Amino acid sequence: MQAAGILGTGSYLPEKVVTNQDLEQVVDTSDEWITTRTGIKERRQARPDQATSDLCLEAARQALADANTGPEEIDLVIVATVTPDMMFPATACLVQDRLRASGAAAFDLEAGCSGFMYGLALASQMIATGSLRKALVIGAETFSRIINWEDRGTCVLFGDGAGAAVVGPVPEGLGVLSFYLGSDGEGGKWLYQPAGGSRLPASAETVAGRMHTIHMHGNEVFKYAVRVMEEASLTALSRCGLTPREVDFFVPHQANIRIVEAARKRLDIPPEKAFLNIHRCGNISSASIPLALDEASKAGRMHFGDTVLLAAFGAGFTWGAAVLKWAK
Ligand code: UT7
């Protein structure tokens, strides 16, 4: 089996910053509530002319440059998103075209906030078995398009952005050591966008009822998330014979600072080993982990050979964790 790992990363955050004070003008909320309950101070918002594929493209170009890889070397483009440009064609195909990655297969992957973890697992396995050489795995969201700006329980949480990773062959002993993916569809009812699919196609009623926006029961998601982040991390670690003590750097999905902190404490990972950017970005779902990886890598927080633990959970419910020996 060929060892596979991350060869380069990239990310993109739209320029427009939406602060908690801005949201105080929109809904009945306060900077104090948002900060203490979520850790979020601000999030980014895409321009009206920017769709998810535009965000993908910025992050992907950076990741290719970082990996010293030309688009012609990419055999597969995966875009993990819950906010694609349109129902079809896949956002990944739009990205493949604009990157001129003419030799690449392309598809979208929908696994909520765990999407990047699913994409990384899939790409690394296809490289391991020799089915392909290099893949571009992107997580990107334009949540601002599906937010109900009258729902204070959700509109303060989510942001727009993208992160990308070039996944390819690495020397034996480096790269993805193990991963663990899971799901529990019973949790689907706690976090979903009701309309726009075959169950409830778009109609005047669905639009009037704001059924094309995020619907969430935050408490249910919260309880599940804390438990599953820990369990998924421990399972992925045990699959490569490691324990949390051997983790050099922890990159959790940035959903809520209380979820991240609870998971970190349960795993007994010291705070200086965990990455946090939720105060600046909010929850960007599938972009969260690749964006964090890119920021951490460029800030020199991860070093060659470090044991890096990634963990995410999200709508579905879905979850995923992976252990990497950082190969950059
Ligand atoms: O990536 C996966 C996606 N989702 C998540 O990760 C979300 C997970 N859940 C959470 O992060 C938390 O559940 C929330 C941040 C969404 C909510 O925090 P909470 O501590 O679970 O609050 P709550 O839903 O129990 O609400 C407590 C109170 C309620 O008021 P009452 O009924 O006690 O009077 C809410 O109406 O806080 C109120 N509230 C707000 N108040 C001010 C809810 N949202 C707001 C708000 N500003 N933005």
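Residues numbered from 1 in each chain as written. Predicted model: local features only at pLDDT ≥ 70, side-chain atom pairs only at ≥ 80, totals over all residues. Heavy atoms only, no water.

**Digging into helix H3 (residues 52-66)**
Test applied: Labels follow the DSSP assignment, with helices taken as runs of H or I lasting at least four residues and strands as runs of E lasting at least two, numbered in each case from the N terminus. The span you would expect from a helix comes to 1.5 Å times its residue count less one. Whether two residues are in contact is decided by their heavy atoms, any of which lying within 4.5 Å being enough.
Taking 1.5 Å per residue as the helical rise, H3 with its 15 residues ought to reach 21 Å, and the 21 Å between its terminal C-alpha atoms agrees with that figure. Close packing links the buried residues of H3 with strand S1 (4-12), strand S4 (76-80), helix H4 (91-99), strand S6 (135-142) and strand S7 (160-169). Looking one or two residues beyond H3, the residue adopting positive phi is Asn68, at roughly 55°.

**Here's the deal with the packing of aromatic side chains**
To be explicit about the condition: Between the rings of Phe, Tyr and Trp (Trp by its six-membered ring), a pair exists once the centres lie within 6.5 Å; its type follows the angle of the planes, with under 30 degrees stacked, over 60 edge-to-face, and the other angles tilted. Only protein chains enter the accessibility calculation, which uses a 1.4 Å probe; a residue is then buried when its area is under 20% of its type maximum, exposed when over 50%, and partly exposed in between. Each ring is checked for a lysine NZ or an arginine CZ that lies within 6 Å of its centre and within 35 degrees of its normal; such an atom marks a charge sitting over the ring.
Inspection of the entire model under this criterion finds 4 aromatic pairs. Measuring from ring centre to ring centre gives 5.8 Å for Tyr224 and Trp319, while their planes differ by 40°; the resulting arrangement is tilted. Linking Tyr224 in helix H8 (residues 218-239) with Trp319 in strand S13 (residues 318-325), this pair joins segments that are 95 residues apart in sequence. The exposure class of Tyr224 is buried, given its relative accessible area of 18%. A relative accessible area of 8% places Trp319 in the buried class. Ring-pair connections join several aromatic residues into one group, and the members of that group are Tyr224, Phe317 and Trp319. One residue, Arg227, lies across the ring of Tyr224, its end atom 4.8 Å from the ring centre.

**Describing the domain arrangement of the protein**
The cut-off we apply is this: Here the bounds of each domain stem from an automatic or database domain assignment. Buried area counts how much accessible surface, traced with a 1.4 Å probe, disappears from two parts once they are put together, with both parts' losses summed. A side-chain nitrogen of Lys or Arg and a carboxyl oxygen of Asp or Glu constitute a salt bridge if their distance falls within 4 Å. Residues adjacent in sequence count toward polar contacts only when both atoms are side-chain atoms; beyond that, a polar contact is any pair of N or O atoms within 3.5 Å, and within protein one must be able to donate a hydrogen and the other to accept it. Polar here means any residue outside two lists: the nonpolar Ala, Val, Leu, Ile, Met, Phe, Trp, Tyr, Cys and Pro, and the charged Asp, Glu, Lys and Arg; Gly therefore counts as polar.
As assigned here, the protein comprises domain 1 (4-173) and domain 2 (176-325). Between the C-alpha centres of domain 1 and domain 2 the distance comes to 13 Å. For the pair domain 1 and domain 2, the two sides together bury roughly 3800 Å², of which 62% comes from carbon and sulfur. For domain 1, the biggest contributors to the area lost against domain 2 are Cys113, Met117 and Tyr118; these three give 17% of the whole. The tally of links from domain 1 across to domain 2 stands at 1 salt bridge. The partner of Glu150 in a salt bridge is Arg210, with the nearest N and O atoms 2.9 Å apart. Here domain 1 is connected to domain 2 by 24 residue pairs in polar contact (both at pLDDT 80 or more). Those elements that provide at least two residues to the side of domain 1 that touches domain 2 are S1, helix H2 (31-38), strand S3 (42-45), helix H5 (115-128), S6, helix H6 (152-155) and S7. Of all the elements, H5 adds the most residues to the side of domain 1 that touches domain 2, at 8 residues. For the side of domain 1 that touches domain 2, a count of residues per class yields 22 nonpolar, 22 polar and 8 charged.

**Considerations on the site of the ligand**
Note the cut-off: Nearness is defined per residue: one heavy atom within 4 Å of the molecule or strand is enough. A 1.4 Å probe and the Shrake-Rupley method give the accessible areas. Residues count as covered only by the protein chains that appear here. In this analysis a 1.4 Å probe is tested at points of a 1 Å grid over the protein atoms alone, and where it fits but cannot get out there is a cavity; an open set with protein on both sides within 12 Å along at least five of seven lines is a pocket; lining residues have an atom within 4 Å of a point. More than half of a molecule's atoms within 2 Å of the grid points is what it takes for that molecule to sit in a cavity or pocket.
By nearness alone, 23 residues border the ligand, and Thr29, Arg37, Arg152, Asn256 and Asn283 come closest of all. Contact between the ligand and Thr29: a nitrogen atom at 2.6 Å from a side-chain N or O atom of the residue. In this structure, Arg152 approaches the ligand through a main-chain N or O atom, which is 2.8 Å from a nitrogen atom. Taking 950 Å² as the accessible area of the ligand by itself, protein coverage stands at 73%. Of all the cavities here, the one that holds the ligand is the second largest pocket.

**Topic: the packing of H3 against H4**
Put simply, the test is: Axis lines are fitted through C-alpha atoms, for helices just across the contact stretch, and the angle between N-to-C directions can take any value from 0 to 180 degrees. An angle counts as roughly parallel when it lies under 35 degrees, as roughly antiparallel when it exceeds 145, as roughly perpendicular when it falls between 65 and 115, and as oblique in every other case. Crossings are classed by handedness, with left-handed meaning an anticlockwise turn of the near helix from the far one by less than a right angle and right-handed meaning a clockwise turn.
Between H3 and H4, whose axes approach to 10 Å, the crossing angle comes to 50°. On the basis of the axis angle, H3 is oblique to H4. In the crossing of H3 with H4, the sense of the turn from one axis to the other is right-handed. Two secondary-structure elements touch here, H3 through Thr52, Ser53, Asp54, Cys56, Leu57, Ala60, Arg61 and Leu64 and H4 through Thr91, Leu94, Val95, Arg98 and Leu99. Residues of the contact of H3 with H4, tallied by class, amount to 7 nonpolar, 3 polar and 3 charged.

**Focus: H2**
Test applied: Of all possible arcs, the one meant is that of the directions from the helix axis to the C-beta atoms.
Restricting attention to buried positions, one finds in H2 the residues Asp31, Ile34 and Thr38. Buried residues of H2, seen end-on, are gathered within an arc of 85° and therefore sit on one face of the element. Backbone geometry just after H2 places Gly39 at a positive phi near 85°.

**Concerning the sheet that holds strand S5 (residues 105-109)**
The cut-off we apply is this: Strand pairing requires that DSSP identify at least two bridges connecting the strands.
The strand order across the open sheet formed by 5 strands is S1-S7-S6-S4-S5, and the pairing between neighbours is mixed. Looking at strand neighbours, the two that pair on one side only are S1 and S5, the edges of this open sheet. Strand-to-strand twist in this sheet, taken as the mean axis angle between neighbours without regard to direction, amounts to 20°. Pairing analysis gives 8 bridges linking S1 to S7, with the strands arranged antiparallel. Residue pairing across strands places Ile6 opposite Val167, the latter belonging to S7.

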